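Notes for the structure review
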Amino acid sequence: QVQLVESGGGLVQPGGSLRLSCQASGRIFSFFTIYNMGWYRQAPGKQRELVAGITNGGGTSYVDFVKGRFTISRDNAKRSVYLQMNSLKPEDKAVYYCNTDNAGLNWGQGTQVTVSS
């Protein structure tokens, strides 16, 4: 059984920063390095969407509305993926999840990000 555990969310003021972490465990342990991973988010009343991706080789991609503000990274030795979020906006409020880039694993519980003054 593969488990993804996200953490690092919270309440932050507009313009603030957060660093999200995703820890993979279980049977993925031996195969994590081959996966292209991604961070997704689901805002209230909206569908879950992919906002940042990182290939197994470290190449990154972002949707336009987070480019220049979010940075995805990974540490294969720790079976972890990270999302550094800067210059946060109220519209970034969502539950954030990690998964493979094709959402092929069971979803974790996510981590709530709220941006409000």
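This text goes with the structure placed above it.
In short, a report on the structure.

**Observations regarding the side chain of Ser 80**
Along the polypeptide, Ser 80 turns up in strand S8 (residues 80-85). Ser 80 sits in the buried class, given a relative accessible area of 4%. At a separation of 3.1 Å, a polar atom in the side chain of Ser 80 contacts the side chain of Gln 23.

**Comments concerning the side chain of Glu 6**
Within the element layout of this structure, Glu 6 appears in strand S1 (residues 2-7). Arg 48 is the oppositely charged side chain nearest to the buried, salt-bridge-free Glu 6, at an N-O distance of 7.2 Å. Only 3.1 Å separates the side chain of Glu 6 from the backbone nitrogen of Cys 98, close enough to count as a polar contact. Here Gly 110 takes part through its backbone nitrogen, which lies 2.9 Å from a polar atom of the side chain of Glu 6.

**Looking at the pairing of strand S5 (residues 49-54)**
Consecutive side chains along a regular strand alternate between the two faces of the sheet. Bridging between strand S4 (residues 37-42) and S5 involves five bridges; their strand directions are antiparallel. Residue pairing across strands places Trp 39 opposite Ala 52, the latter belonging to S5. Hairpin connection from S4 to S5: six residues lie between these consecutive antiparallel strands, with Gly 45 at a positive phi of about 75°.

**Some thoughts on the packing of aromatic side chains**
Inspection of every chain in the model, using the stated rule, returns two aromatic pairs. Seen in terms of ring centroids, Tyr 40 and Trp 107 are 5.0 Å apart; in terms of plane orientation they differ by 90°. Their pairing is edge-to-face. Separated by 67 residues along the polypeptide, Tyr 40 in strand S4 and Trp 107 in the loop between strand S9 (94-100) and strand S10 (111-115) bring together distant segments of the chain. Look at Trp 107 and you get partly exposed, because its relative accessible area is 32%. With a centroid separation of 5.7 Å and 75° between ring planes, the pair formed by Tyr 97 and Trp 107 is classed as edge-to-face. Taken together, the residues Tyr 97 in strand S9 and Trp 107 in the loop between S9 and S10 connect sequence positions ten residues apart. Grouped by ring-pair contacts, the aromatic residues Tyr 40, Tyr 97 and Trp 107 constitute a single cluster. Directly above the aromatic system of Tyr 82 lies the positively charged group of Arg 19, at a separation of 4.2 Å from the ring centroid. Above the ring of Trp 107, the side-chain terminus of Arg 48 is found at 3.8 Å from the ring centroid.

Conventions and cut-offs
Residues numbered from 1 in each chain as written. Predicted model: local features only at pLDDT ≥ 70, side-chain atom pairs only at ≥ 80, totals over all residues. Heavy atoms only, no water. Helix = DSSP H or I, 4+ residues; strand = E, 2+ residues; numbered from the N terminus. Buried < 20%, exposed > 50% of the residue type's maximum accessible area, 1.4 Å probe, protein only. Polar contact = N/O pair within 3.5 Å; in protein donor to acceptor, adjacent residues only side chain to side chain. Lys, Arg positive; Asp, Glu negative; His and termini not counted. Salt bridge = Lys/Arg side-chain N within 4 Å of Asp/Glu carboxyl O. Pairing = 2+ DSSP bridges. Phe/Tyr/Trp six-rings, centres within 6.5 Å; stacked < 30°, edge-to-face > 60°. Lys NZ or Arg CZ within 6 Å of the ring centre and 35° of its normal.

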